[in-house]
Every structure is written in structure tokens, then in C-alpha cells.
Amino acid sequence: MMRGILIGILVAMAAGVGWLTFDWYRGSGTEAFGAPFALVDQKGTQVTEAAFRGHPSVVFFGFTHCPEVCPTTLIEMDSWLKKLGDEGKDIRAYFVSVDPERDTPEIMNTYVSNVSNRVTGITGEPDKVAAMAKSFGIYSRKVPLEGGDYTMDHTASVLLLDRNGGFFGTIAYGENADTAVAKLKRLVTEG
């Protein structure tokens, strides 16, 4: 008798967890990821969270003085988008600075334009950039170097956002190009 009650409780708990998980996944694609923000793009035009709506988005957080990860990732992003061709024409790509003290719109424009015409640079006031990055779950930290210079530690994953601005997945730094392109194809068809 006691065993039957325990089994009944376990079944009820499993069903409850299952329902909560299903409900979370069902609703996760309809809510935007991150908090509202107001920054500027590489041309100095205001950009808000609305930039991540109406189309799939690829978002990378980095900085222009980055020695390896950021230029490599931007080149890879451009390559992925070129491989997709017309299939990926609706994807918008963004490079958000985690070092807005040095990354002015002019510097972002030069840096991003040298790599791709498909990527839009985003920067702004340091406190607003930090709040935006934090709301997207991005880690960044200034690391002092000798001579008074500094570098930035930061999350190196590319965020994938669906047409509603909802979180769709990530592409890891150094991930296989074919796998990255497959994720972008899935983003286009399902996101």
C-alpha cells in the first residue's frame, strides 16, 4: 500500500516537472532575451532591442583591441553568412563592444567594415553597454596590463536569437564551421 502511494507521488511529480518543462520551452521562444537597451551603432545611429526583432540575429560581444578571439570570430561569422548565401539573407549580425571606453562608433565602423559588410557594430556609454551585456548573460572584465594599458576578458560565444529576439542557442569559439552553418540554417528555418 505504501509502495503504491510512493509510486503515485513519483508519477505525479514527474508529470508536474514534465509539464513545467514543456510550458517553459513552449514559451521560451516568444519572450525576448536580455533587457531593453539604447546604444548606438557604428554610424552613430541609436539602436535598441528592436534591432533583434523581425529576423534571426547573430550577436557577438567583444572589443576592437582584442588580439585573437574577436577578429577570428568576426571573420568566421562573415564566412558562415557567405556559405549560407541567399538562405541566410534574413540573418542580421551584430558585434557589441565590451570596451566602449575605446570603441567609439568611428573605431567600430573602421574595425567592422574591414571584416564584413554584414556585421553591425554596437557601442555606447559604458554603464549602458555593461547593463546590456549583463542582461544577455555576457561576462566581461577589464584586465590591467603593464604600462597602464588593459585588455578585456569576455564571453567568447556567439548568441543566436530568433525572430522574436528570444534565445535560440550559441556557437562556441572555434566551433567546427560546418556545425556553425548547420546551426544558422536551423535558426533560419525554426527561429
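**Looking at the pattern of salt bridges**
Part 1 of the argument: Going through the model one piece at a time under the given rule, you end up with 8 salt bridges.
Part 2 of the argument: With a shortest N-O distance of 2.9 Å, lysine 82 and aspartate 78 are connected by a salt bridge. Remark: aspartate 78 and lysine 82 occur in helix α2 (residues 69-84); sequence separation between them is 4 residues, near one turn of the helix.
Part 3 of the argument: In this structure aspartate 78 comes out as buried when scored by relative accessible area, which is 7%.
Part 4 of the argument: Close ionic contact of arginine 141 with aspartate 153 constitutes a salt bridge, the shortest N to O distance being 3.2 Å. With arginine 141 in strand β6 (residues 140-144) and aspartate 153 in strand β7 (residues 150-154), this residue pair connects regions lying 12 residues apart in the sequence.
Part 5 of the argument: On the accessibility criterion, aspartate 153 (32% relative accessible area) is partly exposed.

**Overview of the sheet that holds strand β5 (residues 119-123)**
Part 1 of the argument: Reading across from one edge, β2-β1-β5-β4-β3-β8-β9 is the order of the 7 strands in this open sheet, with mixed pairing throughout. Each edge of the sheet is formed by a strand with only one pairing partner; in this case those strands are β2 (46-48) and β9 (167-171). Within the sheet, the average angular offset between the axes of one strand and its neighbour, ignoring direction, is 35°.
Part 2 of the argument: Strand direction decides the pairing type here: strand β4 (residues 92-97) and β5, joined by 4 bridges, are parallel. Considered in β5, the bridge of phenylalanine 95 is made with glycine 121.

**Here's the deal with the packing of α2 against helix α5 (residues 177-190)**
Part 1 of the argument: Where α2 meets α5, the axes come as close as 10 Å, and the angle between the chain directions of the two elements is 60°. Accordingly, the angle class assigned to the pair α2 and α5 is oblique. For the pair α2 and α5, the crossing hand works out as right-handed. Counted together, Trp80, Lys83 and Leu84 of α2 and Ala177, Asp178, Ala180, Val181, Leu184 and Lys185 of α5 form the full contact between these two elements.

Scoring rules and cut-offs
Residues numbered from 1 in each chain as written. Predicted model: local features only at pLDDT ≥ 70, side-chain atom pairs only at ≥ 80, totals over all residues. Heavy atoms only, no water. Salt bridge = Lys/Arg side-chain N within 4 Å of Asp/Glu carboxyl O. Helix = DSSP H or I, 4+ residues; strand = E, 2+ residues; numbered from the N terminus. Buried < 20%, exposed > 50% of the residue type's maximum accessible area, 1.4 Å probe, protein only. Pairing = 2+ DSSP bridges. Axes fitted to C-alpha atoms, helices over the stretch in contact; angles between N-to-C directions. Parallel < 35°, antiparallel > 145°, perpendicular 65-115°, else oblique. Left-handed = near helix turned anticlockwise from the far one by under 90°. Contact = heavy atoms within 4.5 Å.

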